[in-house]
Amino acid sequence: LKLKWALGFPGASAARAQPTIAGGRVFVGSQDGTVYSLDARTGCTVWTFKAKAGVRTAVVLGAPSGASTPLYFGDGRSNVYALNASTGTQLWTQNVETHPSSHVTGAPALYQNRLYVPVASGEEGQGNNKNYECCTFRGSVLALDADTGMQLWKTYTISEAPQPTKKNSKGVQLWGPAGGAVWGAPTIDIERRADYVTTGH
């Protein structure tokens, strides 16, 4: 149990992304949006890729295609990416939610060339802000084509769209229903052809 190598993430004060190990590489994202491919034996950097926001999700590897393997992950602005695992070259990117508080924290789940992406939000942090029109975010799960990033479907955890409800003590409009963020990776039940997710806040 002796330390063989260590990596410090520049520009980061927290490390919350789970590393993925495959083919002698370690793939891991960081708080500043940098995704690293490291030599698992030495810790040396093979390549880096800069996402548009911080990366908390684990990196998911797809099936080998030709001479390369795709990898997938999401970021703190609800962008999902596909990269070439060998070179770090971007294959595609897709924004999966436009709500300004949304983000992808759970790892996407890959099955039969579909990428199932969970969407969460930090909007609940504004719940005690009397100047904020709380709350309008709804959690969701999307299916993307793993080859192109094209959205195939999107299902909200709360089916009803938020509507104006009442005004708070400062006269600011409040909204609901809202919430149901999906923070973790979906679980795929192959026999029942179903996705299971948990929600929070």
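These notes cover the structure that comes with them. On a predicted model such as this, the values are computed, not experimentally measured, just so you know.

On to the overall build of the protein chain, then. Within the protein chain, the regular secondary structure consists of 0 helices and 17 strands. A principal-axis box enclosing the C-alpha atoms of the protein chain has dimensions of 60 × 40 × 30 Å. Counting every position in the protein chain, which comprises 201 residues, the buried fraction comes to 43%. Contacts spanning at least 24 positions in sequence make up 43% of the contacts within the protein chain whose residues lie at least 6 apart. For the protein chain, the computed accessible surface area is about 10,800 Å², with 50% contributed by carbon and sulfur atoms. Looking at charge distribution, the protein chain has the averaged site of its 18 positive side-chain charges lying 7 Å from that of its 13 negative ones.

The next point concerns unusual backbone geometry. Cis geometry marks the peptide bond from Cys134 to Cys135, where omega comes out at -5°. Notably, Gln112 is not glycine yet its phi reads approximately 50°, a positive angle. Residue class for Gln112 comes out exposed when judged on its relative accessible area of 61%. Phi at Arg193 is positive, roughly 55°, even though this residue is not glycine. Mapped onto the fold, Arg193 is located in the loop between strand 16 (187-189) and strand 17 (194-196). Residue classification places Arg193 among the exposed positions, given a relative accessible area of 74%.

Turning our eyes to something else, we now look at the sheet that holds strand 3 (residues 34-39). Here we have 4 strands laid out as an open sheet, ordered 1-2-3-4, and antiparallel in their pairing. Looking at which strands have only one partner, the edges of the open sheet turn out to be strand 1 (20-22) and strand 4 (45-50). Each strand axis lies, on average, 15° off the axis of its neighbour in the sheet, ignoring direction. Bridge count for strand 1 against strand 2 (residues 25-29) is 3 bridges, and the pairing is antiparallel. Within strand 2, the residue paired with Ile21 across the bridge is Val26.

Calculation rules
Numbers given to residues run from 1 along each chain, matching the order in which its sequence is written. Reporting in this predicted model follows two pLDDT cut-offs: at least 70 for local features of residues, and 80 or more for side-chain atom pairs to be given and counted; totals over whole chains, interfaces and linings ignore these cut-offs and use all residues. Water and hydrogen atoms play no part in the side-chain values, which are based on all heavy atoms of the structure. Helix and strand definitions here come from DSSP, where helices need a minimum of 4 consecutive H or I residues and strands a minimum of 2 consecutive E residues; each element is numbered from the N-terminal end. Throughout, exposure labels follow a simple rule: accessible area from a 1.4 Å probe, protein chains only, divided by the maximum for the residue type, with under 20% read as buried, over 50% as exposed, and the rest as partly exposed. Whether two residues are in contact is decided by their heavy atoms: any pair within 4.5 Å suffices. Residue burial considers only the protein chains on display, and all accessible areas are found by Shrake-Rupley using a 1.4 Å probe. Here the positive residues are Lys and Arg and the negative ones are Asp and Glu; neither His nor the chain ends is included. Here the site of a charge means NZ on Lys, CZ on Arg, CG on Asp, or CD on Glu. DSSP bridges decide pairing: two strands pair if at least two such bridges lie between them. Only the stretch in contact is used when a helix axis is fitted, and all axes are lines through C-alpha atoms; the angle between N-to-C directions ranges over 0 to 180 degrees.

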